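Okay, here's what each chain looks like letter by letter:
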Amino acid sequence: MAPQRPSAFDAKMKSLLGDDFEQFQSSYNDTPLGGLRVNTLKISREAFQKQSPFALTPIPWCETGFYTGEGVRPGLHPYYHAGMYYIQEPSAMAPVELLNVEPGDRVLDLCAAPGGKSTQIAAKLAGRGHLVTNDLHPERTKALAKNIELYGVRNAVVLNEAPEAIAASFPEYFNKILIDAPCSGEGMFRKDEDMLRHWTEDSPRKYAAMQKEILESAARMLAPGGTMVYSTCTFSPEENEGMIAVFLKHHPEFSLLSKAGTEAPWFSEGESQWLSEHGLEEAGPDAAGDAAWMAEISKTLRLWPHRVKGEGHFMAVLSKELPEMAGASHREEGYRLSLPVTGISKGQLSMTLQAGGERRQKRLESIHASTRPEAKHRRGASAGMDPGGRRGFKGGRGSERVLKQDTGTEIGREEAEGLLQRFISDNLSWEEYHGYLRLHGQHLYLSPLPEERLQGLKVVRAGWYVGSVKHGRFQPSHPLAAALQPEEARRVINLTSDSGEAVRYLKGETLEIAAGRVHSPDFSSDEPKGYVLVTIDGCSAGWGKWQSGILKNEYPAAWRWTSA
């Protein structure tokens, strides 16, 4: 049965849709469609289609998105826990597609929790460039950070800040910005009746004030020549076309890009006609007498639930004018540390600083000194989670020393980095790593940003969380494992999703695994004991420790499978 909608809402929608209102009203009798988006950081679209346990129907506006059938519960499959896909409402996949993210971009997801669109952005970056993902609400950033980690994102920073605070630290820095703005949620009424119950006639006006401030902050952070997508999941013109009209009035350096038309028939044009008939005090000029202004606002985009297979969404693609003499790049350059795998004698570690200056050379030499001479292979590194879901830390310079638990003495950043390098040498097959190594308390991160960039900001995750230093040893993190490809680990155990072992592993159980199942191509011993990367049908799921036929489970308790 269709949910009971407020009469004030229906009256407004009738004035907005006219003859289409009856069809719109009938759409509330339809069952909302489920969707999932393949995580191409872990598996290709084509490979997932071949092994998917669900029937899949492509979503036209998202190449990696698929509709799932009624009654399908993809969250109850091991593939979900291996981060192979993100469960997402189909229309919600459209804004990131319009942002046109490319590898190397500097991207900001300003209102990001719970993280679906951030993981979509990260997949498009493919490990190059970086993503700053933020949410204002501390509790919501927990889900955001977990999703960044689960889906194997290496080059993201998670913040818990007000947009204006981020703008002060990143003026004209990002070349792509997504604002999935908090809104009255009218487009979700069919799918989420809680949104309907909390709606009042004044909801659009309340959210519009908040959206205006967010847009102003975002405008300050977008680099000239950059692209910004503003989106909501509401129908209200005050929060949509009206919001963009007011923004353009005060920002002549911005213009709208149109994506509607024959190449994208699923998008409907923005409802500029409603603005001309009902007016919007702040939008000025006189809409009825300004055809050019009307044409500009009609470049905004909508997805309507009675016209497409999805819920309601609004999107505006905004471009910031590039000055004539502009030549600065707003793509990620940074530095890279290369660790050659071949041609290294025992005890020799050759590390080359390819970009970013000479300031880390002494630190690199100390890593050389702390690395065991008998190591046969030299490999790279990467960072993301503060264990236990803690708030994180204030940005700025990371701690230079960390308490060594077993002796009460302190361990320096350089020694901690040496312990990390030793773990890499023993357990991973990296040739290079990217990022700025940061030490906070006992925790080591590889951040895509230098410490100075995050000075004074509330940082939830400084980057990819590599692990921690405990009892004089390096302990690898779960996010480190989740982001690895199988070929990056020296020892791998693969569990098949249909054998029952995968679910037992995800529940935290100890498994009996014969030595022959430990894939270790460069290990000479018959007993390849130590850390192993556990994969599920070829995708990384977590760590285990293997010895004498027993796999000790290292899957974190907070992440374990709790379903029957």
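Conventions used here
Residues numbered from 1 in each chain as written. Predicted model: local features only at pLDDT ≥ 70, side-chain atom pairs only at ≥ 80, totals over all residues. Heavy atoms only, no water. Helix = DSSP H or I, 4+ residues; strand = E, 2+ residues; numbered from the N terminus. Buried < 20%, exposed > 50% of the residue type's maximum accessible area, 1.4 Å probe, protein only. Areas by Shrake-Rupley, 256 points an atom, 1.4 Å probe, with all protein chains shown as cover. pLDDT = per-residue confidence, 0-100. Contact = heavy atoms within 4.5 Å. Pairing = 2+ DSSP bridges. Phe/Tyr/Trp six-rings, centres within 6.5 Å; stacked < 30°, edge-to-face > 60°.

Turning our attention to the overall build of the chain. Each helix and strand counted, the chain has 17 helices and 29 strands in total. With 564 residues in all, the chain has 55% of them scored as buried. Total accessible area on the chain stands at roughly 23,700 Å², and carbon and sulfur atoms take up 48% of it.

This part takes up the confidence of the model for the chain. Summing up the model confidence of the chain, the mean pLDDT is 83 and the portion of residues at 70 or higher is 80%. Scored below 50 in pLDDT, residues 333–409 makes 221 contacts in the model with residues more than four places away or belonging to other chains.

What follows is about the pairing of strand β28 (residues 539–547). For β28, a buried count of seven out of nine residues is recorded, marking the element as mostly surrounded by other parts of the structure. In terms of strand pairing, strand β27 (residues 530–536) meets β28 through seven bridges, oriented antiparallel. Paired with Thr-535 across the bridge in β28 is Ser-540. As consecutive antiparallel partners, β27 and β28 are separated by two residues, and within that stretch Asp-537 has a phi angle of approximately 50°, a positive value. Alignment of β28 against strand β29 (residues 550–553), held across four bridges, turns out to be antiparallel. Residue Lys-545 lies in a different strand from β29, and its bridge partner there is Lys-552. Remark: two residues form the turn of the hairpin made by β28 and β29, two consecutive strands paired antiparallel; Ser-548 in that turn has positive phi of roughly 50°.

All right, on to the packing of aromatic side chains then. All chains considered together, the criterion is met by 27 aromatic pairs. Seen in terms of ring centroids, Phe-21 and Phe-24 are 6.3 Å apart; in terms of plane orientation they differ by 35°. Their pairing is tilted. Residue Phe-21 and its partner Phe-24 are located together in helix α2 (residues 21–26), separated by three residues, close to a single helical turn. For Phe-21, a relative accessible area of 6% gives the class buried. Look at Phe-24 and you get buried, because its relative accessible area is 0%. Judged by centre distance (5.6 Å) and plane angle (75°), the rings of Phe-423 and Tyr-531 are edge-to-face.

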